[in-house]
Amino acid sequence: MSEQQTRLNVFKTYKLYVGGKFPRSESGRVYEVSDSKGKWLANAPLSSRKDARDAVVAARKAFGGWAGATAYNRGQILYRVAEMLEGRREQFVREVADAEGLSKSKAAAVVDAAIDRWVWYAGWTDKIAQVVGGANPVAGPYFNLSSPEPTGVVTVVAPQDSSFLGLISVIAPVIATGNTAVVIASEKSPLPALSLGEVLATSDLPGGVVNILSGKASEMGPHLAAHQDVNAIDLTGATEGDLARDLEIAAADNLKRVLRPRTEDFAESPGTDRMTAFLETKTVWHPTGSLGASGSSY
């Protein structure tokens, strides 16, 4: 018998991505993940509300440094994520094909689009301020300047059916603008999201900027929507029953920004609305000095 025939397969152990580390769920629970034909693929962690709270703590800790980084630096890091994804392209093609029941060629197109999506948002990090900010015309001797600032910690309920391109499309705009994210991955297809954590960990992205949980949105969502240290919530993947409505009601307690679910084709070119959804506008008045017939003085 040859050495190849006697060698045991090394099965991949999928873990959460929280605070730059890879913990198992504190509950010790897992659930089976199957492909589109019902074939077992792996056991994924079934996250608990304690895992969700830990992810919020990590996201809040990372927020100051990430929001305070230059937009150019954030863009470099997002581009580095795209580079690392390109290097692991074949792995993600396999995982997306299994998760979404696609042929290898169609899965490859999805992964390529997801990589391109990272690059697209990397280019926006130092441009969005010029689009949504600027100098305002006012009557009087004042400069009046508006500039966008990140909202804070954002909970993202990732799309259920678009396990990778949709996932990237909801994470990238949140962090491109300086927010940090707690992501609830697709319940039925969490493996591409959990593998993405491995890419983020090797892409110069500070730990805690993105935290990825697998499990039930219906279990973790209510605790994150009501969490007083979460500033906004994206309900894109909250499509089960009345979950989106219930989470929106819970989010009202501390006036979270809420992005409601809508019909989307993630293959289409994105606009800027996902970035502006989680930005606050700060307006500053500054005196210019007296303005007279002889001209300005400062």
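Bear in mind that the values here come from a model prediction, so they are computed numbers and not experimental data.

1. Considering the environment of Lys 188
Residue position: Lys 188 is located in the loop between strand 6 (180-184) and helix 8 (191-201). Note: C-alpha distance between Lys 188 and Ala 108 (80 residues apart in sequence) is 20 Å. Separated by 2.7 Å, the side chains of Lys 188 and Asp 161 make a polar contact.

2. A word on the nonpolar core
Note that soluble globular proteins tend to have their nonpolar side chains buried in a common cluster. Ranked by internal contacts, the top residues of the largest apolar core, which has 62 residues, are Trp 118, Ile 175 and Ile 212. Among the elements that make up this core, the one with the highest residue count is helix 5 (residues 104-124) (ten residues). With residues near it in sequence (within four places) discarded, Ile 212 still touches Leu 16, Tyr 17, Val 183, Ala 185, Ala 193, Leu 194, Leu 196, Gly 197 and Leu 200. With 24 residues, the next largest nonpolar core counts Ala 52, Val 56, Leu 213 and Ala 251 among its residues.

3. Some points on the sheet that holds strand 4 (residues 142-150)
The antiparallel open sheet is built from three strands, whose spatial order is 3-4-10. Of all the strands in the sheet, just strand 3 (134-135) and strand 10 (279-287) have a single pairing partner and so form its edges. Of the strand pairs in this sheet, strand 3 and strand 4 are connected by two bridges, and their pairing is antiparallel. Pairing of Gly 134 across the sheet is with Ser 146, part of strand 4.

4. Things to note about the pattern of salt bridges
Two side chains with opposite charge may pair up if their charged atoms get near one another. Across all of its chains, the model carries 21 salt bridges by this definition. Across the pair Arg 88 and Glu 198 runs a salt bridge, and its minimum N-O distance is 2.7 Å. Of the two residues, Arg 88 is situated in the loop between helix 3 (71-87) and helix 4 (89-100) and Glu 198 in helix 8; the sequence distance between them amounts to 110 residues. Classification of Arg 88 as partly exposed rests on a relative accessible area of 24%. The closest approach of N and O atoms between Asp 112 and Arg 89, which form a salt bridge, is 2.7 Å.

So, how was this worked out
Numbers given for residues are sequential positions, taken from 1 along each chain in its written order. Owing to the predicted nature of the model, reporting of local features is limited to residues with pLDDT of at least 70; listing and counting of side-chain atom pairs is limited to 80 or more, with chain, interface and lining totals taken over all residues. The side-chain quantities take in all heavy atoms of the structure and omit both hydrogens and water. For the purposes of this entry, the term helix denotes a DSSP run of H or I that reaches at least four residues, the term strand denotes a run of E that reaches at least two, and both are numbered from the N terminus. The term polar contact refers here to a pair of N or O atoms within 3.5 Å; inside protein, the definition further demands a hydrogen-donor-capable atom paired with an acceptor-capable atom, and it admits residues adjacent in sequence only when both atoms are side-chain atoms. By nonpolar core we mean a set of buried residues, namely Ala, Val, Leu, Ile, Met, Phe, Trp, Tyr and Cys, connected to one another through side-chain atoms within 4.5 Å. Between buried and exposed lies partly exposed: a residue is buried under 20% and exposed over 50% of the maximum accessible area for its type, with that area taken using a 1.4 Å probe on protein chains only. Whether two residues are in contact is decided by their heavy atoms, any of which lying within 4.5 Å being enough. Being paired, for any two strands, means DSSP has found at least two bridges between them. For this analysis, a salt bridge means a side-chain nitrogen from Lys or Arg found within 4 Å of a carboxyl oxygen belonging to Asp or Glu.

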